[in-house]
Amino acid sequence: MDSQRPLIVAPPADAARPEPADVPAALAPVVELLSGATVAALTGAGLSTDSGVPDYRSPGSPPRRPMTLQEFLATDAHRRHYWARNHLGWRHLRDVSPNAGHAALALMEYEGTVNGIVTQNIDLLHVKAGSRNVVHLHGRYDQVVCRDCGRTFSREAHDQALSALNPGWRERHVDDVEVAPDADAALESTADFRVAPCPRCGGTLMPDVVFFGGTTPKERVERARAIVEEADALLVAGSSLAVMSGLRFVRQAAKSGKPVVILTRGATRGDDLATAKVEVSTTVALPYLARTLRPLPLDS
Ligand SMILES: [Zn+2]
(Lines give C-alpha, C1' and ligand atoms only; values in the text may rest on other atoms or scores of the structure.)
Protein backbone atom coordinates (compact mmCIF):
# COMPACT_ATOMS: atom_id res chain seq x y z
CA MET A 1 0.00 0.00 0.00
CA ASP A 2 1.68 3.17 -1.14
CA SER A 3 -1.02 5.72 -0.41
CA GLN A 4 -0.54 7.69 2.79
CA ARG A 5 -4.02 9.15 2.70
CA PRO A 6 -6.20 7.77 5.50
CA LEU A 7 -9.31 5.93 4.41
CA ILE A 8 -11.83 7.32 6.86
CA VAL A 9 -15.15 5.57 7.23
CA ALA A 10 -17.31 8.18 8.92
CA PRO A 11 -20.05 7.09 11.32
CA PRO A 12 -23.56 8.52 11.01
CA ALA A 13 -23.52 11.83 12.83
CA ASP A 14 -26.56 11.04 14.98
CA ALA A 15 -25.46 7.63 16.25
CA ALA A 16 -24.33 7.46 19.86
CA ARG A 17 -22.51 4.18 19.21
CA PRO A 18 -21.65 4.42 15.53
CA GLU A 19 -21.50 1.13 13.68
CA PRO A 20 -21.02 0.75 9.93
CA ALA A 21 -24.16 -0.65 8.28
CA ASP A 22 -22.03 -2.98 6.17
CA VAL A 23 -19.11 -4.24 8.28
CA PRO A 24 -17.41 -6.33 5.54
CA ALA A 25 -17.50 -3.32 3.20
CA ALA A 26 -16.18 -0.98 5.90
CA LEU A 27 -13.36 -3.38 6.74
CA ALA A 28 -12.44 -4.26 3.15
CA PRO A 29 -9.51 -1.79 3.06
CA VAL A 30 -8.29 -3.22 6.38
CA VAL A 31 -8.43 -6.78 5.09
CA GLU A 32 -6.51 -5.73 2.00
CA LEU A 33 -3.80 -4.05 4.11
CA LEU A 34 -3.42 -6.89 6.61
CA SER A 35 -3.79 -9.98 4.41
CA GLY A 36 -0.71 -12.14 4.74
CA ALA A 37 0.94 -9.70 7.13
CA THR A 38 2.31 -10.30 10.60
CA VAL A 39 0.36 -7.86 12.75
CA ALA A 40 1.25 -6.19 16.05
CA ALA A 41 -1.80 -5.13 18.07
CA LEU A 42 -2.00 -2.01 20.23
CA THR A 43 -5.10 -2.05 22.41
CA GLY A 44 -6.84 0.44 24.67
CA ALA A 45 -9.85 0.91 26.88
CA GLY A 46 -12.37 0.72 24.01
CA LEU A 47 -11.60 -2.97 23.66
CA SER A 48 -12.78 -3.70 27.20
CA THR A 49 -15.96 -1.60 27.35
CA ASP A 50 -18.04 -4.55 26.12
CA SER A 51 -16.66 -6.51 29.08
CA GLY A 52 -18.07 -3.88 31.44
CA VAL A 53 -14.84 -1.99 32.07
CA PRO A 54 -15.64 1.71 31.68
CA ASP A 55 -13.66 3.80 29.20
CA TYR A 56 -13.62 7.35 30.45
CA ARG A 57 -12.33 8.68 27.13
CA SER A 58 -14.87 7.17 24.77
CA PRO A 59 -17.59 9.31 23.20
CA GLY A 60 -20.49 9.88 25.59
CA SER A 61 -18.62 8.92 28.76
CA PRO A 62 -19.05 11.00 31.90
CA PRO A 63 -16.17 13.37 32.59
CA ARG A 64 -13.78 12.03 35.19
CA ARG A 65 -10.27 13.00 36.05
CA PRO A 66 -8.15 10.22 37.56
CA MET A 67 -5.82 11.02 40.44
CA THR A 68 -2.35 11.90 39.23
CA LEU A 69 0.83 10.37 40.58
CA GLN A 70 1.77 13.75 42.02
CA GLU A 71 -1.52 13.96 43.93
CA PHE A 72 -1.21 10.38 45.17
CA LEU A 73 2.25 11.12 46.56
CA ALA A 74 1.34 14.57 47.90
CA THR A 75 -0.70 13.86 51.03
CA ASP A 76 -1.95 11.08 53.30
CA ALA A 77 -5.49 12.28 52.55
CA HIS A 78 -5.04 11.63 48.82
CA ARG A 79 -3.60 8.16 49.43
CA ARG A 80 -6.44 7.35 51.84
CA HIS A 81 -8.96 8.49 49.26
CA TYR A 82 -7.31 6.54 46.45
CA TRP A 83 -7.10 3.30 48.42
CA ALA A 84 -10.63 3.68 49.79
CA ARG A 85 -12.07 3.91 46.27
CA ASN A 86 -9.77 1.16 45.05
CA HIS A 87 -10.90 -1.02 47.98
CA LEU A 88 -14.48 -0.59 46.82
CA GLY A 89 -13.88 -1.03 43.11
CA TRP A 90 -10.94 -3.30 42.36
CA ARG A 91 -12.86 -6.57 42.61
CA HIS A 92 -14.97 -5.49 39.65
CA LEU A 93 -11.85 -5.85 37.46
CA ARG A 94 -11.08 -9.23 39.00
CA ASP A 95 -14.56 -10.47 38.08
CA VAL A 96 -14.92 -9.23 34.47
CA SER A 97 -14.50 -11.58 31.51
CA PRO A 98 -12.88 -11.12 28.12
CA ASN A 99 -15.17 -10.43 25.15
CA ALA A 100 -15.16 -11.53 21.51
CA GLY A 101 -12.54 -8.88 20.66
CA HIS A 102 -10.04 -10.28 23.16
CA ALA A 103 -10.82 -13.83 22.01
CA ALA A 104 -10.26 -12.89 18.37
CA LEU A 105 -6.81 -11.41 19.09
CA ALA A 106 -5.86 -14.54 21.06
CA LEU A 107 -6.97 -16.70 18.14
CA MET A 108 -5.02 -14.57 15.64
CA GLU A 109 -1.90 -14.94 17.79
CA TYR A 110 -2.41 -18.72 17.97
CA GLU A 111 -2.76 -18.85 14.19
CA GLY A 112 0.34 -16.74 13.62
CA THR A 113 -1.27 -13.56 12.28
CA VAL A 114 -0.66 -11.51 15.44
CA ASN A 115 2.86 -11.59 16.85
CA GLY A 116 2.13 -9.75 20.09
CA ILE A 117 -0.13 -7.34 21.92
CA VAL A 118 0.84 -4.04 23.46
CA THR A 119 -1.99 -2.97 25.75
CA GLN A 120 -2.77 0.17 27.69
CA ASN A 121 -5.34 -1.79 29.71
CA ILE A 122 -4.61 -2.96 33.23
CA ASP A 123 -7.54 -5.42 33.33
CA LEU A 124 -5.59 -8.55 32.23
CA LEU A 125 -8.39 -9.50 29.84
CA HIS A 126 -5.92 -10.42 27.07
CA VAL A 127 -4.28 -12.91 29.41
CA LYS A 128 -7.65 -14.28 30.48
CA ALA A 129 -8.56 -14.70 26.79
CA GLY A 130 -5.40 -16.77 26.19
CA SER A 131 -3.03 -14.27 24.55
CA ARG A 132 0.59 -15.16 25.31
CA ASN A 133 2.85 -12.32 24.19
CA VAL A 134 1.34 -9.31 25.99
CA VAL A 135 3.09 -6.16 27.17
CA HIS A 136 1.06 -4.37 29.87
CA LEU A 137 2.30 -0.84 29.21
CA HIS A 138 0.39 0.68 32.11
CA GLY A 139 0.78 -2.17 34.56
CA ARG A 140 -1.78 -4.56 36.02
CA TYR A 141 -4.57 -4.13 38.55
CA ASP A 142 -3.86 -7.38 40.41
CA GLN A 143 -0.53 -6.27 41.89
CA VAL A 144 0.63 -3.59 44.30
CA VAL A 145 4.19 -2.33 44.49
CA CYS A 146 6.16 -0.70 47.31
CA ARG A 147 7.63 2.66 46.36
CA ASP A 148 10.36 2.25 48.95
CA CYS A 149 11.66 -1.34 48.61
CA GLY A 150 10.27 -2.15 45.14
CA ARG A 151 8.69 -5.46 46.18
CA THR A 152 5.40 -6.44 44.59
CA PHE A 153 2.47 -8.11 46.33
CA SER A 154 -0.83 -9.47 45.10
CA ARG A 155 -3.86 -7.18 45.24
CA GLU A 156 -5.73 -10.08 46.82
CA ALA A 157 -3.31 -10.16 49.78
CA HIS A 158 -3.50 -6.38 50.03
CA ASP A 159 -7.28 -6.67 50.14
CA GLN A 160 -7.00 -8.82 53.26
CA ALA A 161 -4.76 -6.21 54.90
CA LEU A 162 -7.14 -3.34 54.04
CA SER A 163 -10.20 -5.33 55.12
CA ALA A 164 -8.57 -6.12 58.48
CA LEU A 165 -7.74 -2.44 59.06
CA ASN A 166 -11.19 -1.25 57.93
CA PRO A 167 -13.74 -3.78 59.19
CA GLY A 168 -17.17 -3.22 57.62
CA TRP A 169 -15.95 -0.18 55.65
CA ARG A 170 -16.73 -1.65 52.22
CA GLU A 171 -20.21 -2.70 53.31
CA ARG A 172 -20.95 0.77 54.71
CA HIS A 173 -19.71 2.59 51.58
CA VAL A 174 -20.70 0.23 48.80
CA ASP A 175 -23.10 2.79 47.31
CA ASP A 176 -20.79 5.79 47.21
CA VAL A 177 -17.99 4.81 44.87
CA GLU A 178 -18.71 7.76 42.64
CA VAL A 179 -16.31 10.65 42.77
CA ALA A 180 -17.83 13.73 44.30
CA PRO A 181 -17.60 16.74 41.95
CA ASP A 182 -15.88 18.68 44.71
CA ALA A 183 -12.44 17.20 45.39
CA ASP A 184 -12.34 18.38 49.00
CA ALA A 185 -15.71 16.80 49.71
CA ALA A 186 -14.44 13.58 48.16
CA LEU A 187 -11.35 13.54 50.37
CA GLU A 188 -13.52 14.28 53.41
CA SER A 189 -15.74 11.28 52.65
CA THR A 190 -12.82 8.86 53.03
CA ALA A 191 -11.02 10.52 55.94
CA ASP A 192 -11.72 7.53 58.22
CA PHE A 193 -10.13 4.97 55.86
CA ARG A 194 -6.85 3.39 57.01
CA VAL A 195 -4.20 2.50 54.43
CA ALA A 196 -1.89 -0.50 54.80
CA PRO A 197 1.88 -0.03 54.66
CA CYS A 198 4.32 -2.37 52.90
CA PRO A 199 4.35 -5.60 54.97
CA ARG A 200 8.11 -5.93 54.47
CA CYS A 201 9.55 -2.44 54.97
CA GLY A 202 6.62 -0.28 56.17
CA GLY A 203 6.89 1.87 53.04
CA THR A 204 4.24 3.36 50.76
CA LEU A 205 2.28 0.91 48.64
CA MET A 206 0.68 1.85 45.38
CA PRO A 207 -1.12 -0.15 42.70
CA ASP A 208 1.34 -1.54 40.14
CA VAL A 209 -0.11 0.72 37.47
CA VAL A 210 1.20 3.78 35.66
CA PHE A 211 -0.70 6.79 36.98
CA PHE A 212 -1.38 9.92 34.98
CA GLY A 213 1.76 11.97 35.43
CA GLY A 214 3.83 8.78 35.84
CA THR A 215 6.14 7.14 33.31
CA THR A 216 6.05 3.76 31.62
CA PRO A 217 9.05 1.63 32.67
CA LYS A 218 11.73 1.60 29.97
CA GLU A 219 11.94 -2.19 29.82
CA ARG A 220 8.22 -2.42 28.92
CA VAL A 221 8.58 0.22 26.23
CA GLU A 222 11.51 -1.72 24.73
CA ARG A 223 9.56 -4.98 24.64
CA ALA A 224 6.64 -3.18 23.01
CA ARG A 225 8.94 -1.55 20.44
CA ALA A 226 10.31 -4.99 19.57
CA ILE A 227 6.81 -6.36 18.91
CA VAL A 228 6.07 -3.47 16.53
CA GLU A 229 9.53 -3.81 14.96
CA GLU A 230 9.00 -7.52 14.22
CA ALA A 231 5.58 -6.99 12.65
CA ASP A 232 4.65 -5.93 9.10
CA ALA A 233 1.73 -3.78 10.24
CA LEU A 234 0.22 -2.18 13.35
CA LEU A 235 -3.43 -2.67 14.30
CA VAL A 236 -4.75 -0.19 16.87
CA ALA A 237 -7.92 -1.48 18.54
CA GLY A 238 -10.03 0.60 20.93
CA SER A 239 -7.52 3.30 21.76
CA SER A 240 -7.92 7.03 21.31
CA LEU A 241 -4.09 7.27 21.53
CA ALA A 242 -4.61 10.19 23.89
CA VAL A 243 -1.42 9.48 25.80
CA MET A 244 2.08 9.37 24.36
CA SER A 245 2.66 5.87 25.75
CA GLY A 246 0.52 4.48 22.91
CA LEU A 247 0.96 7.13 20.22
CA ARG A 248 4.72 6.56 20.05
CA PHE A 249 4.21 3.05 18.61
CA VAL A 250 1.98 4.45 15.88
CA ARG A 251 4.75 6.90 15.06
CA GLN A 252 7.30 4.08 15.11
CA ALA A 253 5.28 1.98 12.65
CA ALA A 254 4.49 4.92 10.37
CA LYS A 255 8.13 5.97 10.32
CA SER A 256 9.14 2.45 9.20
CA GLY A 257 6.59 2.64 6.39
CA LYS A 258 4.35 -0.01 7.95
CA PRO A 259 0.60 0.24 7.46
CA VAL A 260 -1.25 1.51 10.54
CA VAL A 261 -4.87 0.44 10.88
CA ILE A 262 -7.03 2.10 13.54
CA LEU A 263 -10.29 0.51 14.70
CA THR A 264 -11.60 2.94 17.31
CA ARG A 265 -14.77 4.92 17.79
CA GLY A 266 -14.22 8.66 17.77
CA ALA A 267 -11.21 10.73 16.82
CA THR A 268 -7.74 9.56 17.83
CA ARG A 269 -4.44 11.40 18.01
CA GLY A 270 -3.06 8.96 15.44
CA ASP A 271 -5.65 9.59 12.73
CA ASP A 272 -3.27 11.57 10.52
CA LEU A 273 -0.78 8.67 10.61
CA ALA A 274 -3.37 5.99 9.85
CA THR A 275 -3.31 4.14 6.56
CA ALA A 276 -6.91 3.12 7.30
CA LYS A 277 -9.28 4.08 10.07
CA VAL A 278 -12.69 2.55 10.72
CA GLU A 279 -15.05 3.66 13.47
CA VAL A 280 -16.40 0.29 14.51
CA SER A 281 -16.86 -1.78 17.64
CA THR A 282 -13.83 -4.00 18.28
CA THR A 283 -16.22 -6.71 19.47
CA VAL A 284 -17.60 -6.79 15.93
CA ALA A 285 -14.50 -5.96 13.89
CA LEU A 286 -11.87 -8.23 15.47
CA PRO A 287 -13.84 -11.49 15.16
CA TYR A 288 -14.56 -10.55 11.54
CA LEU A 289 -10.84 -9.99 10.91
CA ALA A 290 -9.94 -13.25 12.70
CA ARG A 291 -12.28 -15.14 10.37
CA THR A 292 -11.22 -13.28 7.24
CA LEU A 293 -7.45 -13.09 7.73
CA ARG A 294 -6.91 -16.66 8.85
CA PRO A 295 -3.82 -18.02 7.11
CA LEU A 296 -5.20 -21.53 6.48
CA PRO A 297 -8.66 -22.48 5.24
CA LEU A 298 -10.71 -24.27 7.89
CA ASP A 299 -12.86 -26.22 5.39
CA SER A 300 -12.32 -29.91 5.64
ZN1 LIG B 1 8.53 -2.08 51.01
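Rules behind the numbers
- Residues numbered from 1 in each chain as written.
- Predicted model: local features only at pLDDT ≥ 70, side-chain atom pairs only at ≥ 80, totals over all residues.
- Helix = DSSP H or I, 4+ residues; strand = E, 2+ residues; numbered from the N terminus.
- Buried ≥ 20, exposed ≤ 12 C-beta atoms within 10 Å, placed from the backbone.
- Contact = placed C-beta atoms within 7 Å.
- Expected span 1.5 Å × (residues − 1).
- Arc of directions from axis to C-beta.
- Axes fitted to C-alpha atoms, helices over the stretch in contact; angles between N-to-C directions.
- Parallel < 35°, antiparallel > 145°, perpendicular 65-115°, else oblique.
- Left-handed = near helix turned anticlockwise from the far one by under 90°.
- Nonpolar A, V, L, I, M, F, W, Y, C, P; charged D, E, K, R; others polar.
- Pairing = 2+ DSSP bridges.
- UniProt positions renumbered as here; feature names shortened; annotations may be inferred.
- Core = buried A, V, L, I, M, F, W, Y, C linked by C-beta atoms within 7 Å.

The protein is annotated in an unreviewed UniProt entry as protein acetyllysine N-acetyltransferase from Georgenia satyanarayanai.

Visitor: Would you mind going over the overall build of the protein with me for this structure?
Guide: A tally of regular secondary structure across the protein gives 11 helices and 10 strands. The burial tally for the protein puts 38% of its 300 residues in the buried class. Pairs at least 24 apart in sequence give 72% of the contacts found in the protein among residues at least 6 apart.

Visitor: I would appreciate a short explanation of the environment of Val250 in the present structure.
Guide: With respect to the helices and strands, the residue Val250 is situated in helix H10 (residues 244–255). Val250 gets classed as buried once you count the C-beta atoms within 10 Å, which come to 25. For Val250 and Ala274, which are 24 residues apart along the polypeptide, the C-alpha to C-alpha distance reads 8.2 Å. In contact with Val250, other than residues within four places in its own chain, are Leu234, Val236, Leu241, Val260, Gly270 and Leu273.

Visitor: I would appreciate a short explanation of H10 in the present structure.
Guide: What sets the pattern is the α-helix's 3.6 residues per turn: residues three or four places apart point alike. In a regular helix each residue adds 1.5 Å, so 12 residues correspond to 16 Å; H10 covers 16 Å between its end C-alpha atoms and thus fits that length. Regarding H10, the residues found buried are Gly246, Phe249, Val250 and Ala253. Buried positions in H10, seen along its axis, are confined to an arc of 100° and lie on one side of it. Every exposed residue of H10 that faces more than 90 degrees away from the buried side is listed here: Met244 and Lys255. Lining the buried residues of H10 we find strand S2 (39–43), strand S3 (114–119), helix H9 (218–230), strand S8 (233–237) and strand S9 (260–263). Backbone geometry just after H10 places Gly257 at a positive phi near 75°.

Visitor: Which parts of the structure should I look at to understand the packing of helix H1 (residues 23–34) against helix H11 (residues 282–292)?
Guide: Describing two packed helices takes the angle between their axes plus the distance from one axis to the other. Contact geometry of H1 with H11 gives a least axis separation of 11 Å together with a crossing angle of 60°. As far as their axial angle goes, H11 and H1 are oblique. As H1 runs across H11, the sense of the crossing is right-handed. Judged by residue contacts, Val23, Leu27, Val30 and Val31 of H1 engage Val284, Ala285, Tyr288, Leu289 and Thr292 from H11. Within the contact of H1 with H11, the residues separate by chemical class into 8 nonpolar, 1 polar and no charged.

Visitor: Looking at this structure, how should I read the sheet that holds strand S6 (residues 152–154)?
Guide: Strand pairing in a sheet relies on backbone hydrogen bonds. The paired strands run either parallel or antiparallel. Taking strand neighbours across the sheet as the criterion, the 3 strands line up as S6-S5-S7 in an open arrangement whose pairing is antiparallel. The two strands at the open ends of the sheet, each matched to only one other strand, are S6 and strand S7 (205–209). Looking at each pair of strands side by side, their axes are set apart by 45° on average, direction ignored. When strand S5 (residues 139–146) meets S7, the two strands line up antiparallel, connected through 4 bridges. What sits directly across from Gly139, in S7, is Val209. Sitting on the sheet, helix H6 (residues 155–165) touches S5, S6 and S7, and the angle it makes with S6 is about 75°.

Visitor: Can you walk me through the UniProt feature "binding site: Zn(2+)" (unreviewed entry) in the protein in this structure?
Guide: When the UniProt feature table is mapped onto this chain, "binding site: Zn(2+)" (unreviewed entry) is found at Cys146, Cys149, Cys198 and Cys201. Across 56 residues in sequence, these annotated residues keep their C-alpha atoms within 8.6 Å of one another, forming a single compact spot. Within the element layout of this structure, Cys146 appears in strand S5. Since 20 C-beta atoms lie within 10 Å of it, Cys146 is described here as buried. By C-beta crowding, Cys149 is classed as exposed, having 11 other C-beta atoms within 10 Å. In contact with Cys149, not counting residues within four places along its chain, are Cys198, Arg200, Cys201 and Gly203.

Visitor: Just to check I follow, could you spell out the nonpolar core for this structure?
Guide: As a rule of thumb, soluble globular proteins bury nonpolar side chains together. If you look at the biggest cluster of nonpolar residues, it comprises 49 residues, and the most contacted ones within it are Leu234, Val236 and Val261. In this view, Leu234 contacts Ala40, Leu42, Val228, Phe249, Val250, Ala253, Lys258 and Val260; residues no more than four positions away in its chain are not counted. By size, the runner-up hydrophobic cluster in this structure holds 11 residues, among which are Phe72, Ala196, Leu205 and Met206.

Visitor: What is the right way to read the environment of Met67 from this model?
Guide: Of note, Met67 is situated in the loop between S2 and helix H2 (69–74). Judged by local crowding, Met67 falls into the partly exposed class, with 19 C-beta atoms found within 10 Å. With residues near it in sequence (within four places) discarded, Met67 still touches Phe72, His78, Tyr82 and Phe211.

Visitor: Help me understand unusual backbone geometry in this model?
Guide: Trans is the common state for peptide bonds, and a negative phi is the common state for residues other than glycine. Of note, the phi angle at Leu124 is positive, near 65°, even though the residue is not glycine. Following the sequence through the fold, Leu124 ends up in the loop between S3 and helix H5 (125–129). For Leu124, a count of 18 C-beta atoms within 10 Å puts it in the partly exposed group. Even without being a glycine, Leu241 presents a positive backbone phi close to 55°. By the element assignment, Leu241 lies in the loop between S8 and H10. According to the C-beta neighbour criterion, Leu241 is buried, with 26 such atoms within 10 Å.

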